[in-house]
Amino acid sequence: MSIVNIINLVGGLGLFLFGMKYMSDGINQAAGTKMKNLLEKLTRNPVKGFFLGVLVTAVIQSSSAATVMVMGFLNAGIMDLAQATGVIIGTNIGTTITAVLIAIDVSAIAPLCIFVGTALSLFGKKHNQKYAGQIILGFGILFFGLKYMSGDSAMGVLKTSTAFQSFITKANNPALGILIGIVICSILQSSSAAIGILQVLALQGIMPLSFSFYLIIGINVGSVMPLLISSIGAKTNAKRAVFIFFFVDFVGLLIFTPVALFTPFISWVESFSANGSVQVATAHIIFKTVPAIVLIPFIRLVSRLTTKLIKNKEHESELRFQFIDKKILSNPSVSVLQVGSEVERMAKVVRKNLVLACEDCIASKVEHQREIKDNEELINWLNHNISDFLVTVSSMNLAAESSEYVGKLFHVITDLERIGDHAINILERTETELGNGLDFSEEGYKEFEKIYLKALELFDRAVGAFVNKTLPDDEAHQLHFLEDTIDALTLQAQDNHVQRLREKKCHTASGVIYTKLLQDLERVGDHSYNIAWAARKDKALIRQI
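Residues numbered from 1 in each chain as written. Predicted model: local features only at pLDDT ≥ 70, side-chain atom pairs only at ≥ 80, totals over all residues. Heavy atoms only, no water.

A.B. asks: Tell me about the packing of helix α11 (residues 209–222) against helix α13 (residues 236–262), and please be specific about residues and values.
C.D. replies: It is the contact of α11 with α13, at a shortest axis distance of 9 Å, that shows an interaxial angle of 165°. Taken together, α11 and α13 sit at an angle that is classed as roughly antiparallel. Two packed elements cross with a definite hand, and for α11 against α13 that hand is left-handed. Facing α11, whose interface residues are Phe 213, Tyr 214, Ile 217, Asn 220 and Val 221, α13 presents Phe 246, Asp 249, Leu 253, Phe 256, Thr 257, Ala 260 and Leu 261. Of the residues that constitute the contact of α11 with α13, the class distribution is nine nonpolar, two polar and one charged. (Axes fitted to C-alpha atoms, helices over the stretch in contact; angles between N-to-C directions. Helix = DSSP H or I, 4+ residues; strand = E, 2+ residues; numbered from the N terminus. Parallel < 35°, antiparallel > 145°, perpendicular 65-115°, else oblique. Left-handed = near helix turned anticlockwise from the far one by under 90°. Contact = heavy atoms within 4.5 Å. Nonpolar A, V, L, I, M, F, W, Y, C, P; charged D, E, K, R; others polar.)

So this is what it looks like as structure tokens:
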């Protein structure tokens, strides 16, 4: 093989890999959010998750991308490991669609796809048109590269290569074939691309299935490599997902290595078609499908085994993300989902501090002083680090809906942090009250408690609306009325306090603290209402109320 042949080969391979990546990115942009929503909603049953994994991977054409999505859902608490196991097993089957397309050989329409895809990408006015153009263009480039790679000036020259023919004639070592397959897939970082190359070689009649099947086994085992690299330093759930992905193909290796060695399996596959590319595609589908069928009844057992092998880490500090995994940033929609879960966690900590501070104030004690201050440290940490992560996510190529949601998150975490500050204010005012031997009247405590319960109700309903991403008109009006009620109760309590001062029922010094406490609760109501507002898509409606 001359240098010209090598250049032609790597050039065709480059076009093939670029076309596959470009097409996959276009599909992710066009359907990624919808696929994410499907996975999020329909994976409660592991068996349904399996079929959904097949569907999602068949659409986005990347088992690694689908598994990364699952890793994100695991970290965000959307699904448990058993549900994720079903999806991951399904992704192994969905990824075989590329091999089927190559076996059908639609390379004749590749130039037309390149023309149509380029036209849509350059001149399409809507996002969907541009995404469709990217998909069609990537498809065309993929098959153009495949055709170029298989030409007489590239791989075709191997037909006349004495050294290559001698190697293939003697290549009957399963271990060697599996090892070469692992190396090829590790280098290309794509099992679909590696299988595509095998199909080209088989189509040329220079790669018999008796050896290429062991390469198929190695390629599929080696397909875990991109995920393995991305999981280095990642959270425990991400590592578990990678192990399950590897385990499925490892089971395939254990099943099919002896089957290929000691049964007429290879001859049976060859009997389906004389076309080498079809033979490779068929063997690939069988290798992917059989382990999945074998493992479906044992999904929960596999998840329990994974949990035992990869144990939870012991963390010394609470100042860390529970749902966000910075090591997994390849899927923007999943990253947005993780941020949402982390903000929900922040809201729970804020609520806890508000309750502890107000309950202590009503009971005239500071029993939870240490816990409140520790929680406040966590709230501030989350506010700062979530904001930094949001900056990273917002710089990614987000869908319009996700981009709008990220913008709202910036405002929501600011409001949550301010509510946390007011909880600290309430604690500190209670400390001042008790430290100076001051006290409020019984009527004052009752008024404070009434406003506090209204503010807490508004907070809970507002956060619930934002988490669910919906705020119906009726609920919007009710929350607006509740916020007005808090304002009215605060003004009434202040007037009542002035009257008590006149009647000498309370001390002036305690009165100053009491007024500031009421202001803190009133501001909690304001910030809570802001959070509810962020759940609306038509903000103008609330502005008009």
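Moving on from the coordinates now.
A.B. asks: I'd love a proper account of the environment of Trp 381, names of residues and values included.
C.D. replies: The residue Trp 381 is located in helix α18 (residues 369–394) in this model. The spacing of Trp 381 and Phe 321 is 60 residues in sequence and 9.7 Å in space, taken between C-alpha atoms. Every residue in contact with Trp 381, bar those within four places of it in the chain, is listed here: Leu 319, Arg 320 and Phe 321.

A.B. asks: Run through the nonpolar core, naming residues and quoting values.
C.D. replies: In terms of nonpolar packing, the biggest core is built from 65 residues, with Ile 386, Leu 416, Ile 426 and Phe 448 touching the most fellow members. Only α17 (332–362), α18, α19 (400–435), α20 (442–468), α21 (473–502) and α22 (508–533) provide two or more residues apiece to this core. Sort the elements by how many residues they give to this core and α17 lands first, with 13 residues. Discounting residues that sit within four places of it in the chain, Ile 426 has contacts with Leu 354, Ala 357, Cys 358, Cys 361, Phe 448, Leu 517, Asp 520 and Leu 521. Counting 46 residues, the second largest nonpolar core, distinct from the first, contains Leu 142, Phe 213, Leu 215 and Phe 256. (Core = buried A, V, L, I, M, F, W, Y, C linked by side-chain atoms within 4.5 Å. Buried < 20%, exposed > 50% of the residue type's maximum accessible area, 1.4 Å probe, protein only.)

A.B. asks: Let's hear about unusual backbone geometry: which residues, and what values?
C.D. replies: Glycine aside, residues mostly have negative phi angles, and peptide bonds mostly take the trans form. The phi dihedral of Ser 364 is positive, around 55°, even though this residue is not glycine. Here Ser 364 shows up in the loop between α17 and α18. Phi at Lys 469 is positive, roughly 55°, even though this residue is not glycine. Locating Lys 469 in the fold gives a position in the loop between α20 and α21.

A.B. asks: Which residues make up the pattern of salt bridges, and what are the values?
C.D. replies: Overall, the coordinates contain 13 salt bridges when judged by the stated rule. Residues Glu 371 and Lys 352 are paired through a salt bridge, measuring 2.9 Å at the closest nitrogen-oxygen approach. With Glu 371 in helix α18 and Lys 352 in helix α17, the pair connects residues that are 19 residues apart, well separated along the chain. Classification of Lys 352 as partly exposed rests on a relative accessible area of 43%. Ionic pairing is found between Asp 421 and Arg 418, a salt bridge with its closest N-O pair at 2.7 Å. Of the two residues, Asp 421 and Arg 418 both sit in helix α19, three residues apart, roughly one turn of that helix. Each member of the salt-bridge network shares a partner with another, and the members are Glu 457, Arg 461 and Glu 475. (Salt bridge = Lys/Arg side-chain N within 4 Å of Asp/Glu carboxyl O.)

A.B. asks: Please provide a residue-by-residue account of a nonpolar patch on the surface, values included.
C.D. replies: A cluster of nonpolar residues, Ile 3, Val 4, Ile 6, Ile 7 and Val 10, forms a patch on the protein surface that exposes about 450 Å² of accessible area. Following the sequence through the fold, Ile 6 ends up in helix α1 (residues 3–42). (Patch = residues over 30% accessible without salt bridge, like charges linked within 9 Å, V, L, I, M, F, W, Y side chains within 5 Å. Areas by Shrake-Rupley, 256 points an atom, 1.4 Å probe, with all protein chains shown as cover.)

A.B. asks: Got a sec to walk through a positive patch on the surface? Specific residues and values, please.
C.D. replies: A grouping of Arg 300, Arg 304, Lys 308 and Lys 311 is seen on the molecular surface, where their side chains present a positively charged patch. One can find Lys 308 in helix α16 (residues 299–309). Look at Lys 308 and you get exposed, because its relative accessible area is 63%. (Lys, Arg positive; Asp, Glu negative; His and termini not counted. Charge placed at Lys NZ, Arg CZ, Asp CG, Glu CD.)

A.B. asks: I'd like a rundown of the packing of helix α5 (residues 97–104) against helix α10 (residues 191–203), residues and numbers included.
C.D. replies: Following both chains from N to C, one finds α5 and α10 inclined at 25°, their axes separated by 9 Å at the closest point. Taken together, the axis directions place α5 and α10 in an arrangement best described as roughly parallel. Along this stretch, α5 crosses α10, giving a crossing that reads as right-handed. On α10, the residues that touch Thr 98, Ala 99, Ile 102 and Ala 103 of α5 are Ser 192, Ile 195, Gly 196 and Gln 199. Class assignment of the residues belonging to the contact of α5 with α10 gives a composition of four nonpolar, four polar and no charged.

A.B. asks: Can you lay out the packing of aromatic side chains for me, pointing to particular residues and giving the numbers?
C.D. replies: This model, assessed by the stated rule, comprises 13 aromatic pairs. Where Phe 213 meets Tyr 214, the ring centres are 6.4 Å apart and the plane angle is 65°; that geometry is what we call edge-to-face. Using a relative accessible area of 5% as the deciding quantity, one classes Tyr 214 as buried. An angle of 75° between the planes, with centres 5.9 Å apart, marks the rings of Phe 213 and Phe 256 as edge-to-face. Here Phe 213, found in helix α11, pairs with Phe 256, found in helix α13; they are 43 residues apart in sequence, far enough to count as distant. Owing to a relative accessible area of 0%, Phe 213 belongs among the buried residues under this scheme. For Phe 256, a relative accessible area of 4% puts it in the buried group. The rings of Phe 213, Tyr 214, Phe 256, Phe 265, Trp 268, Phe 272 and Phe 287 are connected pair by pair, giving a single aromatic cluster. (Phe/Tyr/Trp six-rings, centres within 6.5 Å; stacked < 30°, edge-to-face > 60°.)

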